[in-house]
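Notes for the structure review
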Amino acid sequence: EVRLVESGGGLVQPGGSLRLSCAASEDSTVRLSSFESFEMHWVRQAPGKGLEWLAYISPTGSRTHYADSVQGRFTISRDNAKSALYLQINSLRAEDTAIYYCAKERLHFELQEWGQGTLVTVSS
Amino acid sequence: QSGLTQPPSASGSPGQSVTISCTGTSRDVGGYDYVSWYQQHPGKAPKFLIYEVSKRPSGVSDRFSGTKSGNTASLTVSGLQAEDEADYYCSSYGGSNNLVFGGGTKLTVL
């Protein structure tokens, strides 16, 4: 079973930037050798609200797709050598306040494994 | 891409069955058999419950079942137990390489 752990959240001022990370591991293995075969996503959940899909990245990182609502401000990337997934968020707004989850896809945008999430709060 | 429509709440007594609907369009739910369901307890991450409309991942109770008719998918929870009280979300591949979620349904076990 894959373990996903997000980090990088915190309190940020409006207009600021943040890079979220998601580390993948399996049992006690620090580096997950199969991470390079995973299709990965970011999803967020505003306080008291539902889930919102944000972005997808292919196993090699050559293909990325974004929700219209974040296209141009969010960038998904990955480092397979480190079994890590990233989400760069720019020009942060109050409405970006949410828990951000990384998730591993089973197939067809079905999200099989989720991290515990990292909270981003945008406030002055 | 608009979100999928779910009832905000549902309820049932222990042992009963409850069905939660998820309505989309021909561009998402009706167009693909890639509907998933997720269970989320307060303060926890979502848990993968159903995929490809009706299939259960290993370890998920067979009390959870999924179906689809036209543009509407449904999740049925049979033999309700207290631990089933949670939020439930549907999702569907939306074509054009995007994913759309429902607004979520809060299930209360009376």
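That block above? That's the structure.
Below you will find a few notes about this structure.

Moving on: the sheet that holds strand S2 (residues 18–23) of chain B. Residue and element names in this part refer to chain B. With antiparallel pairing, three strands are arranged side by side in an open sheet as S2-S6-S5. In the strand order of this sheet, the two ends are held by S2 and strand S5 (64–69), each with one partner. Each strand of the sheet is rotated relative to its neighbour by a mean of 20°, with strand direction disregarded. Here six bridges tie S2 to strand S6 (residues 72–77), and the two strands are oriented antiparallel to one another. Considered in S6, the bridge of Val18 is made with Val77.

With that settled, the discussion passes to the pattern of salt bridges. All names here are of chain A. Scanning all chains against the criterion turns up eight salt bridges over all chains. Where Asp96 meets Arg44, a salt bridge forms, and the shortest distance between an N and an O atom there is 2.9 Å. One end of the pair, Asp96, is in the loop between strand S8 (84–89) and strand S9 (98–105); the other, Arg44, is in strand S4 (residues 40–45), with 52 residues separating them in the sequence. Across the pair, Arg44 and Asp96 agree in class, each one buried. Among the ionic contacts, a cluster of salt bridges with common partners joins Arg44, Glu52, Arg73 and Asp96.

Here we take up the interface of chain B and chain A. With 18 residues of chain B at the interface, the matching set in chain A holds 19 residues. Contact with chain A buries surface across chain B, with Asn97(B), Leu99(B) and Phe101(B) losing the most and accounting together for 31% of the total. Arg106(A) is paired through a salt bridge with Glu52(B); the nearest N and O atoms lie 3.4 Å apart. Where chain B packs against chain A, one counts six residue pairs in polar contact (both at pLDDT 80 or more). Counting only elements with at least two residues in the side of chain B that touches chain A, the list comes to strand S3 (35–40), strand S7 (86–93) and strand S8 (99–101) of chain B. Among the residues forming the side of chain B that touches chain A, the class breakdown is ten nonpolar, six polar and two charged.

Residue and element names in this part refer to chain A. In the structure shown here, the tally under the stated rule is two disulfides over all chains. The residue that forms a disulfide with Cys22 is Cys102, at a sulfur-sulfur distance of 2.0 Å. Judged by the sign of its S-S torsion, about 60°, the bond between Cys22 and Cys102 is right-handed. Within this pair, whereas Cys22 is found in strand S3 (residues 18–26), its partner Cys102 is found in strand S9, the two being separated by 80 residues in sequence.

The tally for this structure, following the rule as stated, stands at 13 aromatic pairs over all chains. Measuring from ring centre to ring centre gives 6.5 Å for Tyr34(B) and Tyr93(B), while their planes differ by 70°; the resulting arrangement is edge-to-face. Residue Tyr34(B) is located in the loop between S2 and S3, and its partner Tyr93(B) is located in strand S7; the two are separated by 59 residues in the primary sequence. Above the ring of Tyr86(A), the side-chain terminus of Arg19(A) is found at 3.9 Å from the ring centroid. Directly above the ring of Phe38(A) sits Lys104(A), whose terminal nitrogen or CZ lies 4.8 Å from the centroid.

The rules behind each value
- Residues numbered from 1 in each chain as written.
- Chains lettered and ligands numbered in written order.
- Predicted model: local features only at pLDDT ≥ 70, side-chain atom pairs only at ≥ 80, totals over all residues.
- Heavy atoms only, no water.
- Pairing = 2+ DSSP bridges.
- Helix = DSSP H or I, 4+ residues; strand = E, 2+ residues; numbered from the N terminus.
- Axes fitted to C-alpha atoms, helices over the stretch in contact; angles between N-to-C directions.
- Salt bridge = Lys/Arg side-chain N within 4 Å of Asp/Glu carboxyl O.
- Buried < 20%, exposed > 50% of the residue type's maximum accessible area, 1.4 Å probe, protein only.
- Contact = heavy atoms within 4.5 Å.
- Buried area = accessible area lost by both parts, 1.4 Å probe.
- Polar contact = N/O pair within 3.5 Å; in protein donor to acceptor, adjacent residues only side chain to side chain.
- Nonpolar A, V, L, I, M, F, W, Y, C, P; charged D, E, K, R; others polar.
- Disulfide = S-S within 2.5 Å.
- Phe/Tyr/Trp six-rings, centres within 6.5 Å; stacked < 30°, edge-to-face > 60°.
- Lys NZ or Arg CZ within 6 Å of the ring centre and 35° of its normal.

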